[in-house]
Amino acid sequence: MHNTIGGLGEFALITRVTSQFPPTDDVILGPGDDAAVVAAPDGRTVATTDLLVEGRHFRREWSTARDVGHRAVAQNFADVAAMGARPTGLLIGFAAPPDLPVAWAEEFTAGVRDECAVAGGAVVGGDMVGSDTLTIAVTALGDLQGRAPVRRDGARAGDVIAYTGHLGLSAAGLALLERGIDGPADCLSEHRRPSPPYARGAEAALLGATAMLDVSDGLVQDLGHVCRASGVRIDLDSAALRPEPALLEAVAVLGTEDPGEAAEAARGLMVAGGEDHALVAAFPPDADLPGHWHRVGLVSDAAGTPDGGGGEHEGPVTVDGRASRREGWDHFRRG
Ligand SMILES: Nc1ncnc2c1ncn2[C@@H]1O[C@H](COP(=O)(O)OP(=O)(O)O)[C@@H](O)[C@H]1O
Ligand SMILES: Cc1ncc(C[n+]2csc(CCOP(=O)(O)OP(=O)(O)O)c2C)c(N)n1
Ligand SMILES: [Mg+2]
Ligand SMILES: [Mg+2]
Ligand SMILES: [Mg+2]
């Protein structure tokens, strides 16, 4: 019996892993040749890639291999959804030390397979290499189904900002894990296995979204990209940012007794916490939004403000007209 991937060897591991992935109707040729062939019925393919690095994005003591598999898919197909596209294909680069248990690789694969079943895409290939640091590099493909992509540069003054999915739960989950606290469960599970509302990306496109992205680094920071690309400002209404019960509970567990302070701390996590992969979009003011799109802000003109929408201390995204005190994630600033 080979318990480590070093004992099993590269090609036996590839066979074990690739045999787990059922093809979908989009897959013309799956894993096994020099490249895969994925249908692009619309003739335009959305392509995106994100890395997961052990110690930076996940810890093996905090997340199971299955969790990391789910997360690798979610993080990437959320970007596909954020373009208004439907997930189709996935390529998985797997860099691992030879003493990694085979069971870890297999459980990771099961997580990938199960999240693909939720999102609707298929694994069509990947790569395996040895590395001191366990690193997962995923490339995701999507189909626009004949629609125009929803970019970051289309928001216009007068548009409303709305989100769907969760905000702040993942950041709360991370804070709980850092403190060794094992609840509330919804926050821990959202951190370990984010649940992006994949199908609502295409829905937003059909509802007339003018700009969209998924929240990976923090709502305020990520909406800043929309502002810079669109040449607008965005003001969020704190009263419209309603924390979910699990988030309020997490904040209480993390040490805020006062209910007023708890609500404030929860909103802090909603505007600055990343990795829930909620979808946030700008819509024309008359858009007929279903209830799962929560209206939280307004787009205004950047003209007349310093720096075309915010100086060094006031970014283009404000909360109740004021700069947000909390920043989002920056890979290099935070080390
Ligand atoms: N090393 C790179 N080479 C080329 N493009 C990159 C690189 N890193 C990031 N990008 C591009 O910059 C944009 C912003 O990246 P990122 O902030 O990671 O987006 P997201 O949060 O949606 O994953 C994306 O379009 C991405 O493809
Ligand atoms: C062990 C650990 N520490 C810290 C974090 C928090 N964290 C890591 S990366 C990140 C931002 C999102 O990841 P990124 O690679 O920037 O994805 P992208 O924005 O490109 O989608 C956050 C909040 C984490 N998930 N795990
Ligand atoms: Mg990225
Ligand atoms: Mg994104
Ligand atoms: Mg990021």
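Residues numbered from 1 in each chain as written. Chains lettered and ligands numbered in written order. Predicted model: local features only at pLDDT ≥ 70, side-chain atom pairs only at ≥ 80, totals over all residues.

**A word on the overall build of the protein chain**
Point 1. Per the secondary structure count, the protein chain includes 10 helices and 13 strands.
Point 2. Rg of the C-alpha trace for the protein chain: 21 Å, near the compact-globule value of 20 Å for 335 residues, within the 12% margin.
Point 3. Per-residue burial for the protein chain yields a buried fraction of 48% across its 335 residues.
Point 4. Pairs at least 24 apart in sequence give 85% of the contacts found in the protein chain among residues at least 6 apart. (Helix = DSSP H or I, 4+ residues; strand = E, 2+ residues; numbered from the N terminus. Rg over C-alpha atoms; globule rule 2.2 N^0.38 Å. Buried ≥ 20, exposed ≤ 12 C-beta atoms within 10 Å, placed from the backbone. Contact = placed C-beta atoms within 7 Å.)

**Observations regarding the nonpolar core**
The nonpolar side chains of soluble globular proteins are, as a tendency, buried together.
Point 1. Ranked by size, the top nonpolar core spans 95 residues in total, and within it Leu90, Met212, Leu247, Val280 and Ala281 carry the most contacts.
Point 2. The leading source of residues in this core is helix 3 (residues 65-82), at 10 residues.
Point 3. Dropping the residues within four chain positions of it, Leu90 is found in contact with Val73, Asn76, Cys116, Gly121, Ala122, Val123, Val124, Val138 and Ala140. (Core = buried A, V, L, I, M, F, W, Y, C linked by C-beta atoms within 7 Å.)

**Quick notes on the domain arrangement of the protein chain**
Point 1. For the protein chain, the domain assignment lists domain 1 (8-143) and domain 2 (160-323).
Point 2. Using C-alpha coordinates to define each centre, domain 1 is positioned 27 Å away from domain 2.
Point 3. Residue-level contacts link 19 residues of domain 1 with 16 residues of domain 2.
Point 4. Those elements that place two or more of their residues in the side of domain 1 that touches domain 2 are helix 3 and strand 4 (86-96).
Point 5. Among the elements that take part in the side of domain 1 that touches domain 2, helix 3 stands out by supplying 10 residues, more than any other.
Point 6. Split by residue class, the side of domain 1 that touches domain 2 holds 10 nonpolar, 5 polar and 4 charged. (Domains from an automatic or database assignment. Nonpolar A, V, L, I, M, F, W, Y, C, P; charged D, E, K, R; others polar.)

**What about the UniProt feature "binding site: Mg(2+) 4" (unreviewed entry) in the protein chain?**
Point 1. When the UniProt feature table is mapped onto this chain, "binding site: Mg(2+) 4" (unreviewed entry) is found at Asp34, Thr48 and Asp79. Of the residues just listed, which span 46 residues, the most distant C-alpha pair is 25.8 Å apart, and they do not cluster in one region.
Point 2. The residue Asp34 is located in the loop between strand 1 (27-29) and strand 2 (37-38) in this model.
Point 3. Overall, the presence of 5 C-beta atoms within 10 Å leaves Asp34 in the exposed class.
Point 4. Mapped onto the secondary structure, Asp79 falls in helix 3.
Point 5. When the 24 C-beta atoms within 10 Å are taken as the criterion, Asp79 is described as buried.
Point 6. Beyond its immediate sequence surroundings of up to four residues, Asp79 is in contact with Thr48, Asp50, Ala140 and Asp214. (UniProt positions renumbered as here; feature names shortened; annotations may be inferred.)

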